[in-house]
Amino acid sequence: RFPAWMVGSGGDTVWMSPTASPRTLIPDSTRWDEPNILSLISSARNEVLLQFLSYSTTARDRSHYDSLDNAMRRAAERGVKVKLIVSDWEKGSPSDTPLKSLSSVPNIEVKFSAIPEWSGGYISYARVEHCKYICVDAKTFWLGTSNAEKSYFYTSRNLGVIAHSEKLASMVKEIFMKSWTGPYTELVKPGVEYQPREHGERK
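Anyway, here's the lowdown on the structure attached to this text.

### Things to note about the packing of helix 2 (residues 67-77) against helix 3 (residues 96-103)
No. 1: Closest axis-to-axis distance for the helix 2/helix 3 pair is 11 Å, and the angle between their directions is 10°. By the angle between their directions, the pair helix 2 and helix 3 is classed as roughly parallel. Only P98, S101 and L102 of helix 3 make contact with helix 2, whose side of the interface consists of D69, M72 and R73.
No. 2: Class assignment for the residues of the contact of helix 2 with helix 3 results in 3 nonpolar, 1 polar and 2 charged.

Printed below as a string of structure tokens:
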């Protein structure tokens, strides 16, 4: 599906392709976010790095949604190293069960990201990594507005872009690894009973 756009600067060429959701509102269905993301993960040979604010295998209508979950598992089965970061807003929620399940799969590691409260006090719905991106083999990445939940691909409007550039992808990987190896992330462990983090209005 490349090229959609080609941008050249300083001797570097970037191949870019826009993506969007939901499919029913896209004139060109080949630009739909979900299949492009799944295809990107399927193309991985060595490494997939993913970060989202939220992650869920249960849709808002309570149906099961495992497209992204299965894509990561298939990549891991091929020997691809998969690393996933989600915000600690998922702690103690129904979503932490599939995250624990993923973390038990060989070649998959999952971490919660927890940003400490502001020194001046509690701020509701803040102090959280709001990232939404996927980097594959430090060569190609998707950057968008969709979280890892069905509704973002099927019932709400979202935009993204897939870019092929080793220079830019290396920068995306560097950003990911700063979170991954930094002091604000912790490994998700299957046997741990997590307590939910407060992030609404404090009474």
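Structure shown, so let's carry the discussion forward.
### Points about the packing of aromatic side chains
The geometry of two aromatic rings is summed up by the distance between their centres and the angle between their planes.
No. 1: For the structure on display, the rule yields 7 aromatic pairs.
No. 2: Their ring planes at 85° and their centres at 5.2 Å tell us that W32 and Y154 sit as a pair that is edge-to-face. Linking W32 in the loop between strand 2 (12-21) and helix 1 (33-42) with Y154 in helix 4 (residues 150-154), this pair joins segments that are 122 residues apart in sequence.
No. 3: A relative accessible area of 7% means that W32 is categorised as buried.
No. 4: When the ring of F52 is compared with that of W142, the centres are 6.3 Å apart and the planes differ by 35°; the resulting orientation is tilted. Remark: W142 occurs in strand 7 (residues 140-144) and F52 occurs in strand 3 (residues 47-52); sequence separation between them is 90 residues. No difference in accessibility class separates F52 from W142, as the two residues are buried.
No. 5: Here the aromatic cluster, defined as three or more aromatic residues joined through ring pairs, consists of W32, Y65 and Y154.
No. 6: Its guanidinium or amino end placed over the ring of W180, K111 lies 4.5 Å from that ring's centre, counting from NZ or CZ.

### Overview of the pattern of salt bridges
Pairing between side chains of opposite charge can happen when their charged atoms approach one another.
No. 1: Enumeration according to the criterion identifies 5 salt bridges in this entry.
No. 2: One salt bridge in this structure joins D69 and R73, with 2.5 Å as the shortest N-O distance. Here D69 and its partner R73 are both found in helix 2, 4 residues apart, which amounts to about one turn of the helix.
No. 3: Take D69: its relative accessible area is 6%, and that puts it in the buried class.
No. 4: Assessed through its relative accessible area of 23%, R73 is described here as partly exposed.
No. 5: Measuring nitrogen to oxygen at the nearest pair gives 2.4 Å for the salt bridge that ties E186 to K91. Of the two residues, E186 is situated in strand 9 (residues 185-187) and K91 in the loop between strand 4 (81-87) and helix 3; the sequence distance between them amounts to 95 residues.
No. 6: The class of E186 is partly exposed, set by a relative accessible area of 32%.

### Remarks on the nonpolar core
No. 1: Membership of the largest hydrophobic core comes to 36 residues, with the highest contact counts inside it found for I41, V48, L50, L84 and I134.
No. 2: When residues of this core are traced back to their parent elements, those giving at least two are helix 1, strand 3, helix 2, strand 4, helix 3, strand 5 (108-113) and strand 6 (133-136).
No. 3: Per-element accounting of this core gives the leading share, 5 residues, to helix 2.
No. 4: Formed by 11 residues, the second largest nonpolar core is a distinct cluster that contains L49, I85, F176 and W180.

### What about the environment of E149?
No. 1: Take E149: it is sitting in the loop between strand 7 and helix 4.
No. 2: Along the primary structure E149 and Y65 are separated by 84 residues, whereas in three dimensions their C-alpha atoms are 7.7 Å apart.
No. 3: Not counting residues up to four positions away in its chain, the partners in contact with E149 are S54, Y55, S56 and Y65.

Cut-off values and rules
- Residues numbered from 1 in each chain as written.
- Predicted model: local features only at pLDDT ≥ 70, side-chain atom pairs only at ≥ 80, totals over all residues.
- Heavy atoms only, no water.
- Axes fitted to C-alpha atoms, helices over the stretch in contact; angles between N-to-C directions.
- Helix = DSSP H or I, 4+ residues; strand = E, 2+ residues; numbered from the N terminus.
- Parallel < 35°, antiparallel > 145°, perpendicular 65-115°, else oblique.
- Contact = heavy atoms within 4.5 Å.
- Nonpolar A, V, L, I, M, F, W, Y, C, P; charged D, E, K, R; others polar.
- Phe/Tyr/Trp six-rings, centres within 6.5 Å; stacked < 30°, edge-to-face > 60°.
- Buried < 20%, exposed > 50% of the residue type's maximum accessible area, 1.4 Å probe, protein only.
- Lys NZ or Arg CZ within 6 Å of the ring centre and 35° of its normal.
- Salt bridge = Lys/Arg side-chain N within 4 Å of Asp/Glu carboxyl O.
- Core = buried A, V, L, I, M, F, W, Y, C linked by side-chain atoms within 4.5 Å.

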